[in-house]
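# Summary of structural features
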Amino acid sequence: MSVLVLVLAVSAACCLGFGFVLQQSVAQRAPLGDFLSPRLLLDLMKVPRWLGGIGLMAAGMALGAIALGHGQLSLVEPLLATNLLFALALSRHQTKQPLGRQGWAGLALLAGGVTTFIVAGQPHGGTAVTDPVRPWLIIGVMVGLAMLLTGYAKRARLSSAPVLLALAAGLLYGVQDALTRVSGQRFSEGGMLELLTGWQPYAVLVLGVTGLILVQSAFETGSLRMSLPALTAAQPIAGIICGVGFLGDRLRTDTGALAWEAAGLAAVVAGIVLLGMHPAMPRGATAATTATMGRLQPVRPS
């Protein structure tokens, strides 16, 4: 693993984590009539704090894209999952909550799981799959699962909707990362003309906007504790599946390595859940409060 990829991916995670906290603090006040509607983004754009969060998220995505241009998806995605550490750091600064046993345990599991997966799997590049069916199959499964989760979320509304929507967004963002890497390769090989004549950059845009609506709707209907762990866990898993499935990423596949890779991913998910449920994470508005609030009001700095 190059130092450049490490610095870029962790910097991207920092921007994403801070950005998610700022976005959720505003989105939780949005009217439920905008649930899963593009109008939600139009309302949120009126609030400077949310725009700041989006700016950080955009910076994180840009840094992540550069990292993907220098490293494998199976390497970058676990590092991006550390965005939850930075989200917790900002939330802890705001709430003055100590880390405690839960926080330290979550931190150790997340950091240890990422390290274990990378050391055991030793992600490295290989030859991309030439079969034209496999990429569409994997992408179709990911997008199909996201659609099913969104459909269930629309019926569940305030009960389990934040978790379901965050999972759906995480799957879409994982696919988006894969297609971002493909877009970067096309640009490197043939310049802007080669990039714009492919379908991948347009799919990246559609997935990004759709994922953003899902994420903001998740933030709108529940606390950061409910949505961010699911989002953070789903994205790297989807990205790794895409990377290994059709982008040519290679991992060690002997029995011992596979066992350690599975243990590392399990530790990452467990750490994400512990950190996401930490008392320092914002609880968000209650369902009753959110349902009765009117249009968004600008957030005054504290």
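Since this is a predicted model, take the numbers as computed values, not measurements. (Residues numbered from 1 in each chain as written. Predicted model: local features only at pLDDT ≥ 70, side-chain atom pairs only at ≥ 80, totals over all residues. Heavy atoms only, no water.)

## Here's the deal with the overall build of the chain
When helices and strands are tallied, the chain shows 12 helices and zero strands. Reading the chain from its N terminus to its C terminus gives the helix and strand order α-α-α-α-α-α-α-α-α-α-α-α. Computed over its C-alpha atoms, the radius of gyration of the chain comes to 19 Å, within 12% of the 19 Å expected for a compact globule of 302 residues. Expressed along its principal axes, the backbone C-alpha trace of the chain runs to roughly 55 × 45 × 35 Å. Taking all 302 residues of the chain together, 50% fall into the buried category. Pairs at least 24 residues apart make up 87% of the contacts formed inside the chain by residues separated by at least 6 positions. (Helix = DSSP H or I, 4+ residues; strand = E, 2+ residues; numbered from the N terminus. Rg over C-alpha atoms; globule rule 2.2 N^0.38 Å. Buried < 20%, exposed > 50% of the residue type's maximum accessible area, 1.4 Å probe, protein only. Contact = heavy atoms within 4.5 Å.)

## With respect to the pattern of salt bridges
All chains considered together, the criterion is met by four salt bridges. Between Arg181 and Asp249 there is a salt bridge, with the nearest N and O atoms lying 2.6 Å from each other. With Arg181 in helix 8 (residues 161-196) and Asp249 in the loop between helix 10 (224-246) and helix 11 (255-276), this pair connects stretches of sequence that are 68 residues apart. Assessed through its relative accessible area of 1%, Asp249 is described here as buried. Notably, a salt bridge pairs Arg252 with Asp254, separated by 3.4 Å at the nearest N-O pair. According to the relative accessible area criterion, Arg252 is partly exposed, its value standing at 33%. (Salt bridge = Lys/Arg side-chain N within 4 Å of Asp/Glu carboxyl O.)

## Structural notes on the packing of helix 8 against helix 9 (residues 200-221)
Close contact between helix 8 and helix 9 brings their axes to 7 Å; oriented N to C, the two are set at 155 degrees. The angle between helix 8 and helix 9 places the two elements in the roughly antiparallel class. The hand of the helix 8/helix 9 crossing is left-handed. Classifying every residue of the contact of helix 8 with helix 9 by side-chain character gives 22 nonpolar, nine polar and one charged. (Axes fitted to C-alpha atoms, helices over the stretch in contact; angles between N-to-C directions. Parallel < 35°, antiparallel > 145°, perpendicular 65-115°, else oblique. Left-handed = near helix turned anticlockwise from the far one by under 90°. Nonpolar A, V, L, I, M, F, W, Y, C, P; charged D, E, K, R; others polar.)

## Some thoughts on the nonpolar core
Considering soluble globular proteins, one finds that nonpolar side chains tend to be buried as a cluster. Grouped together as the largest cluster of nonpolar side chains are 77 residues, with contacts concentrated most on Leu228 and Leu231. In terms of residues, this core owes the most to one element, helix 8, which gives 13 residues. If sequence neighbours within four positions are ignored, Leu231 has contacts with Phe20, Ala166, Ala169, Gly170, Tyr173 and Val215. (Core = buried A, V, L, I, M, F, W, Y, C linked by side-chain atoms within 4.5 Å.)

## A short note on helix 6 (residues 100-121)
Since there are 3.6 residues in each turn of an α-helix, residues three or four apart along the chain are aligned in direction. Along its 22 residues, helix 6 runs 31 Å from first to last C-alpha, staying within 8% of the 32 Å computed at 1.5 Å per residue. Within the sequence span of helix 6, burial applies to Gly103, Gly106, Leu110, Gly113, Val114, Phe117, Ile118, Ala120 and Gly121. Immediately beyond the C-terminal end of helix 6, within one or two residues, lies Gln122, with a positive phi of roughly 45 degrees. (Expected span 1.5 Å × (residues − 1).)

## Description of the state of the cysteines
Applying the stated rule across the entire model yields zero disulfides. No disulfide involves Cys15; its sulfur sits 5.5 Å from that of Cys14, the nearest cysteine. Take Cys15: its relative accessible area is 16%, and that puts it in the buried class. (Disulfide = S-S within 2.5 Å.)

## Some points on the packing of helix 1 (residues 3-27) against helix 10
Running from N to C, helix 1 and helix 10 cross one another at 145 degrees; their axes reach a closest spacing of 11 Å. Relative to helix 10, the crossing made by helix 1 is right-handed. Mapping the contact onto sequence places Phe20, Val21 and Gln24 in helix 1 and Leu224, Leu228 and Leu231 in helix 10. Split into classes, the residues belonging to the contact of helix 1 with helix 10 amount to five nonpolar, one polar and no charged.

## Details of the side chain of Glu77
With respect to the helices and strands, the residue Glu77 is situated in helix 4 (residues 73-80). Buried and unpaired, Glu77 has Arg181 as its nearest opposite-charge partner, separated by 9.3 Å. Apart from residues lying up to four places away in sequence, Glu77 is in contact with Gly174, Asp177, Gln235, Pro236, Gly239 and Ile240. (Lys, Arg positive; Asp, Glu negative; His and termini not counted.)

## Remarks on the side chain of Thr150
Mapped onto the elements of the fold, Thr150 is located in helix 7 (residues 133-156). From its side chain, Thr150 meets the backbone oxygen of Ala146 in a polar contact 2.8 Å long. (Polar contact = N/O pair within 3.5 Å; in protein donor to acceptor, adjacent residues only side chain to side chain.)

## Focus on the packing of aromatic side chains
The description of two aromatic rings rests on the distance between their centres and on the angle between their planes. According to the stated counting rule, one finds three aromatic pairs in the structure shown. Relative to Phe86, the ring of Phe18 lies with its centre 6.3 Å away and its plane at 90 degrees, an arrangement referred to as edge-to-face. Highlighted residues: Phe18 in helix 1 and Phe86 in helix 5 (residues 83-95), separated in sequence by 68 residues. Taking the relative accessible area as the measure of exposure, Phe86 reaches 21% and is therefore partly exposed. Aromatic side chains Phe20 and Phe219 sit 6.2 Å apart centroid to centroid with 75 degrees between the ring planes, which places their arrangement in the edge-to-face category. Taken together, the residues span a long stretch of sequence, with Phe20 in helix 1 and Phe219 in helix 9 at a distance of 199 residues. Both residues of the pair, Phe20 and Phe219, count as buried. (Phe/Tyr/Trp six-rings, centres within 6.5 Å; stacked < 30°, edge-to-face > 60°.)

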